[in-house]
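Below are the chains, spelled out letter by letter.
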Amino acid sequence: MENNRPSIPTRQGHDTESIAWGYAEHLKFTLGVDRYSSSNYDRYMALALTVRDRLMNQWMKTQQTHYKQKVKRVYYLSLEFLIGRSMGNNVINMHLQPAVEEALSELGYSWEELREEEIDAGLGNGGLGRLAACFLDSLATLNLPSFGYGLRYDFGIFRQQIENGWQVEQPDDWLRRGNPWEIERPDIVVPVHFGGRVDTIVERGRRKYHWVDTTPVLGIAFDTPIVGFGGETVNTLRLWSARAAEEFDFSEFNEGDYVEAVAAKVSAENLTKVLYPNDKLYLGKELRLKQQYLFVACSLADIVRRFKKGGHSWREFPDYAAIQLNDTHPSLAVPELMRILIDENQLDWDTAWDITIKSLGYTNHTLMPEALEKWPVPMLEKLLPRHLQIIYDINHHFLQRVSIAFPGDMQRLNRMSIVEEGDTKQIRMAHLSIVGTHSTNGVAALHTDLLRSRVVPEFAELYPERFNNKTNGITQRRWLLKSNPALSSLITEHIGEDWITDMTRLKKLAPLAEDAAFRKRFEEVKQEAKERLAEVLAADHGFVINPGSIYDVQIKRIHEYKRQLLNALHIVMLYNRIRKGETKNLIPRTFLFAGKAAPGYQLAKLIIKLINNISVVVNGDPVASRYLRVYFIPNYRVSLAEKIFPAAEVSEQISTAGTEASGTGNMKFMCNGALTLGTLDGANIEIIDEVGRENAFIFGLTAEEVADLRPRYSPFDLYNGDKEIKAAVDLLFSGNFNFSEPGIFEPLRRALFDQGDFYMHLADLRSYADAQKQVQELYRNRDDWNRKAILNIAHSGNFSSDRTIRQYAEDIWNVQPCPVDTEHDPINTLEEARK
Ligand SMILES: *Cc1c(COP(=O)(O)O)cnc(C)c1O
């Protein structure tokens with residue numbers, strides 16, 4: 001690299017020299033530091049801004065193209081986007097990686113090191129939020145015009161520390177050092193109203209509703225560019241941040257109340273302070289309802305504003321906007337869109353209803369009753385009185401339709417009503433979502449079947465055409481190409497790089513499973529990943545991991561239904577066998593766990609404590625630790641996940657059948673060549689449909705068997721009927737793992753025995769232990785193992801989120817790709833800026 005100014009502007013060139021110059025100028029002119037005063041974070045920031053510059057032109061070009069061509073857009077509304085880091089993906093998708101690496105190395109810095117400075121954007125809990133992030137990548141890569149809409153929480157999912165084995169939550173102050181990927185749009189500001197009352201007046205024979213005396217809050221937009229692979233389409237993720245209204249009424253307070261007035265202003269801004277850290281649990285908190293409405297109101301106002309710029313008639317709204325609701329969290333979109341159409345734009349009810357249904361779609365993410373949102377009517381009455389009226393009107397029309405379809409069936413009306421009767425009435429948001437949208441989809445075949453047959457059968461009967469399945473997926477750009485570069489290179493070397501944008505091409509690897517040389521290469525790549533992970537965990541946590549052991553991994557939210565306890569019980573069985581000297585043929589195994597528990601979920605937090613205590617005892621036992629080690633890796637998050645999946649060999653997907661809607665962790669394991677050890681639940685079923693049951697370890701009851709057995713489930717009989725299970729349970733609760741903390745695990749014993757155990761751990765423990773034996777039998781023959789691992793990668797193509805998004809686009813959204821011109825010559829920014 002010559003030390004000359006590049007011939008093209010430093011904020012555009014994709015060559016090494018322009019990037020180096022861009023970096024240097026940002027360091028000096030944007031960040032105001034030099035080589036002496038800059039921290040590694042400054043250097044990361046300078047690089048990130050350099051990369052962001054190279055997105056700008058195509059971002060604007062994309063938006064102009066969509067505007068000029070009057071395209072239909074997808075609006076993905078999600079209260080969670082679990083993005084993780086953006087640097088690696090942006091650089092890969094723009095084909096900038098070689099130039100960036102070279103520029104940094106010429107400047108004396110390491111790409112590997114600087115990228116580690118990035119703080120995860122952890123604006124989600126788990127699978128639902130990560131799905132939204134994968135969808136953004138696929139939407140942009142498929143050139144689909146789209147916006148992600150969400151909230152810009154000041155604090156994302158908490159940082160998990162482990163102290164004496166217990167989870168301790170720390171706030172995630174992720175914006176503390178600045179976020180280089182976002183651009184604040186102070187001019188894009190939406191007033192949102194809360195409280196007040198509704199005045200009804202009759203004007204020219206028509207009833208009109210005025211929502212008055214409200215308290216306004218503002219939503220300010222922050223935009224993040226989302227670049228697709230190849231850099232052609234750059235879509236937008238628009239996140240809203242709450243601000244006190246400018247006309248914030250200080251006069252309402254006496255002069256002496258100045259401090260109270262400022263405090264009230266601050267309280268408005270608290271709306272987007274923090275992400276609720278509960279996965280699959282409805283809490284019913286007022287602040288959460290306010291978040292949901294702020295989010296929905298800002299997003300719909302923005303969508304409507306953009307639609308109006310196009311100059312179309314209202315009837316055409318569904319031809320220009322496909323709005324997808326990620327779970328019921330944004331389901332206030334139904335009454336809010338009705339309110340906008342009727343109260344603000346004077347449409348009649350039937351026309352407004354037709355437009356609303358046609359433009360909205362709803363994705364259901366769980367069957368678990370404790371996750372179902374039901375907002376108390378008094379809370380809605382107080383915060384959103386006009387929306388409550390509209391919901392009642394919707395329900396009235398809906399129940400009329402039900403009673404015509406099923407005359408005289410009062411019970412059915414009660415069951416299906418959007419309003420649940422009771423001491424305090426509640427609004428069933430799932431019913432509202434099904435009634436108020438044209439599509440309700442589940443996220444895996446089994447989940448959609450159960451949704452239709454068990455959860456809302458009467459809705460499926462009334463609206464059979466609305467129900468459909470869209471099996472979840474993951475983006476191979478992040479979960480294989482970026483996070484596992486060695487495996488990606490091996491794959492590309494043999495079958496070319498088409499799999500990056502068409503994951504089904506991985507099928508071409510299937511014949512290579514029979515190629516001994518390829519299997520050897522695969523084994524080497526896996527071994528290197530295992531060694532690398534061992535090094536990282538040694539450096540970060542002091543873990544002592546044997547890279548020659550089997551890496552058996554369960555990483556996901558900690559939840560009873562996911563059954564980390566089943567895994568723990570089996571580990572205790574193994575421990576007992578070793579203590580009895582049954583070590584013949586035992587292959588050393590490392591059990592890795594990671595995951596956060598909701599801060600109020602005591603039992604899940606106790607499961608973390610149990611795993612950590614087992615870890616202390618087992619790893620500290622000189623004999624047992626030769627065969628068996630257990631580690632709980634703190635603070636599971638996207639950037640950590642990316643380091644674990646490449647090294648995994650066994651993928652633990654062991655939920656009670658019928659409880660995991662889809663799972664997406666299972667897909668990340670599969671395409672990184674881990675073998676699934678799983679129940680017939682969620683997408684596991686489709687995974688074995690693709691790869692063949694013989695290439696996975698499937699155990700346990702089916703969803704049907706679970707449902708049949710549940711009323712008769714007797715954990716005591718299973719405990720008494722299996723000596724090894726009895727011994728493991730006895731040891732677990734003997735105090736052996738908590739001798740200085742007597743009795744702490746008793747709530748787990750009660751969960752397994754006294755309370756009937758909804759998740760039926762002991763029903764599957766024997767077949768799980770048997771499947772674990774098969775794991776080790778197969779691993780003894782590494783050739784057979786590697787063959788199956790390669791077949792798993794080869795058959796993982798169906799689980800690309802590109803496939804999922806194509807199906808949404810065709811079946812639900814009816815949107816078409818829109819190609820965007822890519823510039824090759826430098827843009828004359830000066831000319832562009834001229835008036
Ligand atoms: C993929 C992913 C999940 C979802 O994992 P499941 O095993 O499907 O529950 C949760 N958290 C993170 C950080 C992920 O990357």
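Structure's up top.
In this text, all values refer to a predicted model and were calculated from it rather than measured experimentally.

Participant: Quick one: what's the story with a negative patch on the surface, residue by residue and with numbers?
Facilitator: Residues E524, E528, E531 and E535 make up a contiguous surface patch of negative charge. Summarising the element assignment, E528 is placed in helix α20 (residues 516-541).

Participant: Describe the pattern of salt bridges, with residues and values.
Facilitator: Here the structure, examined in full by the defined rule, presents 56 salt bridges. Across the salt bridge formed by R386 and D343, the nearest N and O atoms sit 2.6 Å from each other. Remark: D343 occurs in helix α10 (residues 333-344) and R386 occurs in helix α13 (residues 385-405); sequence separation between them is 43 residues. Each member of the pair, R386 as well as D343, carries the same accessibility label: buried. Across the salt bridge formed by K482 and E642, the nearest N and O atoms sit 2.5 Å from each other. Of this pair, K482 sits in helix α18 (residues 476-482) while E642 sits in helix α24 (residues 638-644), and the two are 160 residues apart along the sequence. The exposure class assigned to K482 is buried, which follows from its relative accessible area of 10%. Taking the relative accessible area as the measure of exposure, E642 reaches 8% and is therefore buried. Bridged by salt links that share partners, the residues R185, D223, R238, D302, R305 and R306 form one connected network.

Participant: Kindly report on the packing of helix α6 (residues 127-141) against helix α33 (residues 801-813), identifying the contributing residues and their values.
Facilitator: Running from N to C, α6 and α33 cross one another at 75°; their axes reach a closest spacing of 9 Å. When the interaxial angle is binned, α6 and α33 end up roughly perpendicular. Taken together, the residues of α33 that come into contact with α6 (itself represented by C134, F135, S138 and L139) are S801, D802, T804, I805, Y808 and W813. Residues of the contact of α6 with α33, tallied by class, amount to 6 nonpolar, 3 polar and 1 charged.

Participant: Quick rundown of the sheet that holds strand β22 (residues 650-653)? Include the residues and the values.
Facilitator: Reading across the sheet, the 6 strands line up as β21-β20-β19-β22-β23-β24 and stay open at both edges, with parallel pairing between neighbours. Edge positions in the open sheet fall to β21 (628-633) and β24 (697-698), since each of these has one partner strand only. Strand contacts of helix α21 (residues 564-579): β19 (550-555), β20 (589-594), β21 and β22, with the helix running at about 155° to β20, the strand carrying the most contacts. The sheet contacts of helix α31 (residues 761-780) involve β19, β20, β22, β23 (675-678) and β24, and relative to β23 the element is tilted by about 165°.

Participant: Tell me what's going on with the packing of aromatic side chains, and back it up with residues and numbers.
Facilitator: On inspection of all chains with the given rule, the structure shows 28 aromatic pairs. Consider the rings of F543 and Y631, whose centres lie 4.4 Å apart with planes at 25°: the pair is stacked. Of this pair, F543 sits in the loop between α20 and β19 while Y631 sits in strand β21; the two residues are 88 residues apart in sequence, bridging distant segments of the chain. Judged by its relative accessible area of 14%, F543 falls in the buried class. On the basis of relative accessibility, which here comes to 7%, the residue Y631 falls in the buried class. Pairing Y575 with F737 gives two aromatic rings, centres 6.0 Å apart and planes at 50°, and the pair type is tilted. Pair noted here: Y575 is in helix α21 and F737 is in the loop between α29 (723-732) and α30 (746-754), with a separation of 162 residues, a long-range link. By way of ring pairs, the aromatic residues Y75, F147, Y149 and W240 are connected into one cluster. Across the ring face of Y209, the terminal group of R386 is positioned such that the distance to the ring centre comes to 3.9 Å.

Participant: Tell me about the packing of α20 against helix α32 (residues 782-794), residues and numbers included.
Facilitator: The contact between α20 and α32 brings their axes to 10 Å, and the two run at 85°. By the angle between their axes, α20 is roughly perpendicular relative to α32. Packed against α20, whose contacting residues are F518, R519, F522 and E523, the element α32 presents R782, D783, N786, R787, A789, I790 and I793 at the interface.

Participant: An account of the pairing of strand β1 (residues 73-77) is needed here, citing residue identities and associated values.
Facilitator: Counting buried positions along β1 gives 5 out of 5 residues, so the element sits mostly inside the fold. The side-chain alternation of β1 yields two buried faces, one formed by R73, Y75 and L77 and the other by V74 and Y76. Here β1 runs beside strand β4 (residues 146-151); their pairing, made up of 4 bridges, is parallel. Within β4, the position partnered with Y75 by the bridge is F147.

Calculation criteria
Residue numbers restart at each chain and count upward from 1, following the sequence in its written direction. Only residues with pLDDT of at least 70 get local features here, since the model is predicted, and only at 80 or more are side-chain atom pairs given and counted; chain-wide, interface and lining totals rely on the full set of residues. Note that the side-chain values use all heavy atoms of the structure and ignore hydrogens as well as water. A patch consists of residues whose relative accessible area exceeds 30% and which take part in no salt bridge; residues with like charges are grouped when within 9 Å of each other, and nonpolar side chains (Val, Leu, Ile, Met, Phe, Trp, Tyr) when within 5 Å. Areas reported here follow the Shrake-Rupley algorithm with a probe of radius 1.4 Å; residue values treat only the protein chains shown as occluding. Here, a salt bridge means any Lys or Arg side-chain nitrogen found within 4 Å of an Asp or Glu carboxyl oxygen. The sign given to each residue is positive for Lys and Arg and negative for Asp and Glu; His and the chain ends receive no count. Just so you know, the charge point we use is NZ for Lys, CZ for Arg, CG for Asp and CD for Glu. The helix count covers DSSP runs of H or I at least four residues long, the strand count covers runs of E at least two residues long, and both are numbered beginning at the N terminus. Only protein chains enter the calculation, and the probe is 1.4 Å; a residue is then buried if its accessible area is under 20% of its type maximum, exposed if over 50%, and partly exposed in between. Axis lines are fitted through C-alpha atoms, for helices just across the contact stretch, and the angle between N-to-C directions can take any value from 0 to 180 degrees. Put simply, angles under 35 degrees are roughly parallel, angles over 145 are roughly antiparallel, angles from 65 to 115 are roughly perpendicular, and the rest are oblique. Should any heavy atoms of two residues lie within 4.5 Å, those residues are considered in contact. All amino acids are sorted into three groups, where Ala, Val, Leu, Ile, Met, Phe, Trp, Tyr, Cys and Pro are nonpolar, Asp, Glu, Lys and Arg are charged, and the leftover types, Gly among them, are polar. By the convention used here, strands pair only if DSSP detects at least 2 bridges between them. Only Phe, Tyr and Trp rings are paired, with Trp represented by its six-membered ring, and only when their centres lie within 6.5 Å; those with planes under 30 degrees apart are stacked, over 60 edge-to-face, the remainder tilted. Note on geometry: a ring has a charge over it if NZ (lysine) or CZ (arginine) is within 6 Å of the ring centre and within 35 degrees of the ring normal.

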